[in-house]
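# Secondary and tertiary structure notes
Spelled out, the chains give:
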Amino acid sequence: MPEKTTTGTEEEGGAFCGEAVIAEFEALTKDAAAAQRETLRRILAANAGVEYLRSRGLAGRTDAASFRACVPLATHADVEPYIARIADGDTSAVLTAEPITSISLSSGTTQGKRKYLPFNQELVKSTMQIYRTSYAFRNRAFPVEDGKALQFIYGSRQFTTKGGLTATTATTNVYRSEEFMPTMRAIQSQVCSPGEVIFAPDFAQSLYCHLLCGLLYADEVRIVSATFAHSVVLAFQTFERVWEELCADIRAGELSSTRVTAPPVRDAVSALLAGPNPALADEVARRCKELSNWYGVIPALFPNARYVHGIMTGSMEHYVKKLRHYAGGLPLVAAEYGASEGWVGANVEPETPPENATFTVLPNIGYFEFIPLKSGEGGGGAAAPDTCFAEAEPVGLTEVTVGEHYEVVMTTFAGLYRYRLGDVVKVAGFYNATPKLKFVCRRNLMLTINIDKNSEHDLQLAVDSAAKILAAEKLEVVDYSSHADVSRDPGHYVIFWELNADANAEVLQACCDELDRSFADPGYVGSRKAGAIAPLELRVLQRGTFQKVLRHYLSQGAPVSQFKSPRCVGRNNAAVLQILSGNSVNAFFSAAYD
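In what follows, the accompanying structure is described. Owing to the predicted nature of the structure, the values given are computational and were not obtained by experimental measurement. Every chain is numbered independently, its residues counted from 1 as its sequence is written. In view of the model being predicted, local features appear only for residues whose pLDDT reaches at least 70, and side-chain atom pairs are presented and counted only at 80 or more, with totals across whole chains, interfaces and linings using the full set of residues. Only hydrogens and water are removed before side-chain values are computed, so all heavy atoms of the structure are retained for them.

Take the pairing of strand β15 (residues 419-431) next. Burial classification: accessible surface area is computed with a 1.4 Å probe over protein chains only, and a residue below 20% of its type maximum counts as buried, one above 50% as exposed, and the rest as partly exposed. We count a stretch as a helix when DSSP gives it H or I for four or more residues in a row; a strand needs E for two or more, and each element gets its number in order from the N terminus. Judged by how many residues are buried, β15 sits mostly within the fold: ten of 13 residues are covered. Looking at chain direction, strand β14 (residues 405-411) and β15 are connected through five bridges and run antiparallel. When the bridges of β15 are listed, Met410 appears paired with Tyr419. Sheet topology note: the β15/strand β16 (residues 434-442) ladder contains eight bridges and is antiparallel. Bridged to Phe430 within β16 is Pro435. Strand pairing is assigned whenever DSSP identifies at least 2 bridges connecting the two strands.

What follows is the structure, encoded as structure tokens:
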């Protein structure tokens, strides 16, 4: 097996050849076990002398049995001191033999605190590989011959650590790499917006300019995408409010002086405007006025778009319904599966609806293990595993069982060894010899008070069930969160809802009761019946509350491209809890167990 990740996917003259990428992927996945052995050998051979491995007695061995025997499973807390030393300027071989070139920051929306993670050139290579692989399969299903991508992507703020390393998000590290723009051009995903827009100092200015640039290239747009589905929804919610201003800018050939103030952004976008274009302004206005409640706005504005692309699983699944509304008949394609720590799998079945999307593990981008989780018994609702269990020994990539749940463990080229990702996945099948994973939830996001354990997935199921009552009234849940309130005894669940319009008290009381009934975990049901958990509380929020939550995270340096609405807010996230509580306009208590 070749030592280097191959990107031999360009034809003579530099053109992208999707069928060559697919052929390469087929060969790679046919003997996934061999690919995993070679990947682990490469990682351990390259880093044999690093402190982390040396101190654990691995002594240069590169086989899986020795690796598992010597190196324990690790959480971020275990590696945090090593990463901190690197960030502070320790240039010795702490985690990797080759230098860590920068620090990646997690979003902080999961734990309320941003994690530092190592980033190096190997992660750039694996990112380009997974982009090419996913695109090859997408382009086979939805061919794009030429054109541009309207990408709602945003560079995040960066700072320099004590040791002189740049710290920013993993996506921004990738966007700033030399390989990013050439790869995007090669896979027909050249962005409409100039780099100054992506790296604008202010999110609102960047979003406005993304929309404007998209309209200027409307007939060339083939793909509409963002890192997360939330960003696409947010973009077109914004478009509903500012479309007339965008038309005015196009008509005058002049960028709004109030919407866009950053000089580099103004200069770059003004060069694209290049003069008044009343015909285009009239056409955009006509298309907008013909829409009913903005249904199908994306194909209306971008008639040659083939699909909408982004992460639509996990906490993003809530936005799929709204995204489908904006997309009209355009296919929604779930993006790749990865995290700030590294990549896991590609979506090689892009025609599958996002609710059923699976991700096929690339066996040469890292070494993977899976901790078996027992499913269903004693907790976790109908579809999620019990999150409290006696852990079984991890199994290898090719040793997983279809239908079972696992926590993902990864060893990367960037210095993470047997790192617990915290993601719960279900094995949906195999592609050749490598597994196809369905993302279920984050393990550590739980509502729990007594012996109850409800995951993020259980919460989503409860919200979906109660939202059906709203749908009958032509209402919808814009966004939601939750909190296990133990300030009084007994404690109780608090569900926060932001709605698109006012609902009457009778409907909301019915929703509250349904939410309470929908938590099927036996520990919760038994505790509610025994009075050990008090009635569930539904708090209705002022419209715009989750925009305030977003602005709070942005003010802390988190980028909008990484933003995920926090689904379970703990007491350690006091600022967000205060925003939610301070914007509650109504409260209902469940009578489901009366």
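There is more to say after this.
Salt bridge, as applied in this entry: a Lys or Arg side-chain nitrogen positioned within 4 Å of an Asp or Glu carboxyl oxygen. Throughout the structure, instances matching the rule amount to 24 salt bridges. Note that Glu38 is salt-bridged to Arg41, the shortest N-O span being 3.0 Å. Residue Glu38 and its partner Arg41 are located together in helix α2 (residues 32-46), separated by three residues, close to a single helical turn. For Glu38, a relative accessible area of 16% translates into the label buried. Bridged by salt links that share partners, the residues Glu283, Arg286, Arg287 and Glu290 form one connected network.

Assignment of secondary structure puts Ala467 in helix α16 (residues 456-471). Once the C-alpha coordinates of Ala467 and Val477 are considered, the two residues, ten residues apart in sequence, prove to be 6.7 Å apart. Working rule for contacts: check all heavy atoms of both residues, and any pair within 4.5 Å makes them a contact. Those residues in contact with Ala467 that lie beyond four places of it in its chain are Val477 and Trp497.

Here the aromatic set is Phe, Tyr and Trp, taking the six-membered ring for Trp, and pairing holds for ring centres within 6.5 Å; pairs whose planes are under 30 degrees apart are stacked, those over 60 apart are edge-to-face, and all others are tilted. As enumerated under the stated definition, the model contains 20 aromatic pairs in all. Ring geometry for Phe25 against Tyr431: centres 5.3 Å apart, planes inclined by 55°, an arrangement best described as tilted. Of this pair, Phe25 sits in helix α1 (residues 18-30) while Tyr431 sits in strand β15; the two residues are 406 residues apart in sequence, bridging distant segments of the chain. Overall, the relative accessible area of 16% leaves Tyr431 in the buried class. Summarising the aromatic geometry, the rings of Phe239 and Trp294 are spaced 5.9 Å apart at their centres and angled 90° between planes, so their arrangement reads as edge-to-face. With Phe239 in helix α11 (residues 229-252) and Trp294 in the loop between α13 (278-289) and α14 (297-301), this residue pair connects regions lying 55 residues apart in the sequence. Residue Phe239 shares its accessibility class with Trp294, and that shared class is buried. Every member of this aromatic cluster is reached through a ring pair, and the members are Phe152, Phe236, Phe239, Trp243, Trp294 and Tyr326. When the ring centre of Tyr480 is taken as reference, the NZ or CZ atom of Arg567 above it lies at 4.1 Å. Lysine and arginine charges are scored as sitting over a ring when NZ or CZ, respectively, is within 6 Å of the ring centre and within 35 degrees of the ring normal.

What follows deals with the side chain of Glu407. Examined against the element boundaries, Glu407 turns out to sit in strand β14. Distance and chemistry together define a polar contact, namely a pair of N or O atoms within 3.5 Å, with one atom able to donate a hydrogen and the other to accept it when in protein, and with adjacent residues in sequence counting only for side-chain atoms on both sides. For Glu407, the side chain forms a polar contact with the side chain of Arg420, separated by 2.8 Å.

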